[in-house]
Amino acid sequence: MSVWVDLQGQDSVVSQLRRAAQSGSPTHAWLLTGPPGSGRSNAALAFAAALVCEQSELNARGCGVCKACHTTMAGTNADVTFIATEKTTITIEEARSLVRKAYDSPSSARWRVMIVGDADRMAERTTNVLLKAIEEPPPRTIWILCAPSPADVLVTIRSRCRTLTLRLPPVEDVAALLVRRDGIDPALALISARAAQSHIGIARRLARDPGARERRDATVRLPLNLRDVTTAVMAAASLLALAQEEASSSNEERDAGEKATLLRNLGAPETGTLPPPLRAQVRALEEDQKRRAKRSVTDHLDRALTDLLSFYRDVLVLQLAARGGNGALAQGVELVNEGLRGDLFAFAQNSRAEATLARMDAINAVRHRLTTTNVAPLLALEAMAVSLL
């Protein structure tokens, strides 16, 4: 099975990456951009796998069956380095380590591939560490940077990269992927893909986790219960609690697996008292997990606000259709939250499009504050919720 098979709705990008992988001298630096859920990191890994693929026939590069393809997609290929961050930013020390690695010769493949999965999470000083290595790379090294948009990367970097932009795939393509790859029921797959607004990872989680679907539904219904300042403050607290619960749910299994793997690698029992040197390593892992959990709450809160935005997006669509004098269009238009159509239609009739846009601006403003400042999340959410009245 080809490494490209899961890149739904990205035919143009896949075509260009495949041609580059088949080339004897591909561009040395790439910038893959696209909105969250478009599959930037998956495309980078697929491209890396095609570059190091063991197939000798050019049109078979990225076969998905050779050892190089398997290890690349699993993140264990010695010639492919992938760096992302569970923290707020990639540190300058991590960037320097990446540059040193880039100057190593490939161990067995034609290329050494360096992937920066969060190129937008680097400060200017950190980015400048990469600049020379990208500008004048070793002859067998290829850089792949991923970011939401070209504007999220310094102009000195993006001017030295070939940029390809991915798009969110159609809802139907995401649903088909969930059915084929994960065995999800087609009806549930379509509902999950639409609710996730084509974000493949989130669609998969919604399809597989009833609790995640319930938390999303509770988030989307929040505007229906806003009546006064008291209910707004309560809604803000509820929104934060839902994001924390979602973050905890998604992290618990991962954290437990990481601890079990560490203990197994150390040859230590999973229960009982550990010797001091082993306890120190376990404590270090737990500290890393705590730091990751803090960012995880922020990320899940941002996703919850995106789900909240989808409520007002649907309301706005209905309002604009009605403003055009086409009631039938308003009834038949496709909504993200199709299960709430009746409530959305009533909400749309009792407010104006200008007010809906103002509410969407308020949500986007708090999303920006939560991800770029140290504002207390609950206070920011309370101010936003009051503005939604």
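Residues numbered from 1 in each chain as written. Predicted model: local features only at pLDDT ≥ 70, side-chain atom pairs only at ≥ 80, totals over all residues. Heavy atoms only, no water.

### Overview of the overall build of the protein
Inference 1: In terms of helices and strands, the protein carries 16 helices and five strands.
Inference 2: Since a compact globule built from 389 residues should have a radius of gyration of about 21 Å, the 23 Å found for the protein is in line with a globular shape.
Inference 3: Projected onto its principal axes, the C-alpha positions of the protein cover 65 × 55 × 45 Å.
Inference 4: Per-residue burial for the protein yields a buried fraction of 46% across its 389 residues.
Inference 5: Surface accessibility of the protein: about 19000 Å² in total, with carbon and sulfur atoms responsible for 53%. (Helix = DSSP H or I, 4+ residues; strand = E, 2+ residues; numbered from the N terminus. Rg over C-alpha atoms; globule rule 2.2 N^0.38 Å. Buried < 20%, exposed > 50% of the residue type's maximum accessible area, 1.4 Å probe, protein only. Areas by Shrake-Rupley, 256 points an atom, 1.4 Å probe, with all protein chains shown as cover.)

### Brief notes about the pattern of salt bridges
Inference 1: Taken as a whole, this structure holds 22 salt bridges when the rule is applied.
Inference 2: Among the salt bridges present, the one from E135 reaches R160, with a minimum N-O distance of 2.9 Å. Linking E135 in helix α5 (residues 124–135) with R160 in the loop between α6 (155–158) and β5 (162–165), this pair joins segments that are 25 residues apart in sequence.
Inference 3: Given a relative accessible area of 37%, E135 falls into the partly exposed group.
Inference 4: With a closest N to O distance of 2.5 Å, R215 and E246 form a salt bridge. Note that R215 is positioned in helix α10 (residues 210–220) and E246 in helix α11 (residues 229–266), a separation of 31 residues in sequence. For the pair R215 and E246, a shared accessibility class is recorded, and that class is buried.
Inference 5: Counted as one network, the salt bridges with shared partners bring together D6, R180, R181, D182 and R204. (Salt bridge = Lys/Arg side-chain N within 4 Å of Asp/Glu carboxyl O.)

### Some points on the sheet that holds β5
Inference 1: An order of β2-β3-β4-β1-β5 is seen for the five strands of this open sheet, with the pairing classed as parallel. This sheet does not close on itself; its edge strands, each paired only once, are β2 (80–83) and β5. If you compare each strand with its neighbour and ignore which way they point, the axes differ by 15° on average.
Inference 2: The sheet contact formed by strand β1 (residues 29–33) and β5 spans four bridges and is parallel. Paired with L31 across the strands is T163, a residue of β5.
Inference 3: Lying on the sheet, helix α4 (residues 92–102) is in contact with β2, β3 (112–116) and β4 (141–147); it crosses β3 at an angle near 165°. (Pairing = 2+ DSSP bridges. Axes fitted to C-alpha atoms, helices over the stretch in contact; angles between N-to-C directions. Contact = heavy atoms within 4.5 Å.)

### Topic: a nonpolar patch on the surface
Inference 1: On the surface, V229, V233, V386 and L389 cluster together into a nonpolar patch covering about 280 Å² of accessible area.
Inference 2: With a relative accessible area of 34%, V386 lands in the partly exposed category. (Patch = residues over 30% accessible without salt bridge, like charges linked within 9 Å, V, L, I, M, F, W, Y side chains within 5 Å.)

### Examining helix α1 (residues 11–22)
Inference 1: An ideal rise of 1.5 Å per residue puts 16 Å on 12 residues; α1 measures up with 16 Å between its terminal C-alpha atoms.
Inference 2: Each element contacted by the buried residues of α1 is listed here: β1, α2 (40–52) and β5. (Expected span 1.5 Å × (residues − 1).)

### A few points about the environment of L239
Inference 1: Topologically, L239 is positioned in helix α11.
Inference 2: Owing to a relative accessible area of 1%, L239 belongs among the buried residues under this scheme.
Inference 3: In this structure, the C-alpha to C-alpha distance between L239 and L190, residues 49 residues apart in sequence, is 25 Å.

### Comments concerning helix α8 (residues 186–195)
Inference 1: For α8, the full list of buried residues reads A189, S192, A193, R194 and A195.
Inference 2: For α8, the N-terminal capping position is held by D185, with its side-chain oxygen 3.1 Å away from the main-chain nitrogen of A187.
Inference 3: Just beyond α8, the residue with positive phi is Q197, at close to 55°. (Polar contact = N/O pair within 3.5 Å; in protein donor to acceptor, adjacent residues only side chain to side chain.)

### Some thoughts on the packing of aromatic side chains
Inference 1: Within this structure, the stated rule accounts for four aromatic pairs.
Inference 2: Aromatic side chains F311 and F347 sit 5.1 Å apart centroid to centroid with 85° between the ring planes, which places their arrangement in the edge-to-face category. On the criterion of sequence distance, the pair formed by F311 in helix α12 (residues 276–323) and F347 in helix α14 (residues 341–349) is long-range, its members being 36 residues apart. For the pair F311 and F347, one class covers both residues: buried.
Inference 3: Residues Y312 and F347 carry aromatic rings whose centres are separated by 6.1 Å and whose planes lie at 75° to one another, so their mutual orientation is edge-to-face. Remark: F347 occurs in helix α14 and Y312 occurs in helix α12; sequence separation between them is 35 residues.
Inference 4: Y312 sits in the buried class, given a relative accessible area of 0%.
Inference 5: What links up through ring pairs into an aromatic cluster is the set F311, Y312 and F347. (Phe/Tyr/Trp six-rings, centres within 6.5 Å; stacked < 30°, edge-to-face > 60°.)

### Overview of the environment of Q8
Inference 1: Residue position: Q8 is located in the segment before α1.
Inference 2: Expressed as a C-alpha distance, the spacing of Q8 and L177, which sit 169 residues apart in the sequence, is 7.5 Å.
Inference 3: In this structure Q8 touches P169, D173, L177 and R180, once residues within four positions along its chain are discounted.

### Observations concerning the domain arrangement of the protein
Inference 1: As assigned here, the protein comprises domain 1 (10–165), domain 2 (171–208) and domain 3 (229–387).
Inference 2: Domain 2 puts seven residues into the contact, and the matching count from domain 3 is 10 residues.
Inference 3: For the domain 2 and domain 3 pair, buried surface summed over both sides reaches about 710 Å², with 41% attributable to carbon and sulfur atoms.
Inference 4: Looking only at domain 2, the three residues that lose the most surface to domain 3 are R194, Q197 and R205, adding up to 70% of its buried area.
Inference 5: At the boundary of domain 2 with domain 3, the tally comes to two salt bridges. (Domains from an automatic or database assignment. Buried area = accessible area lost by both parts, 1.4 Å probe.)

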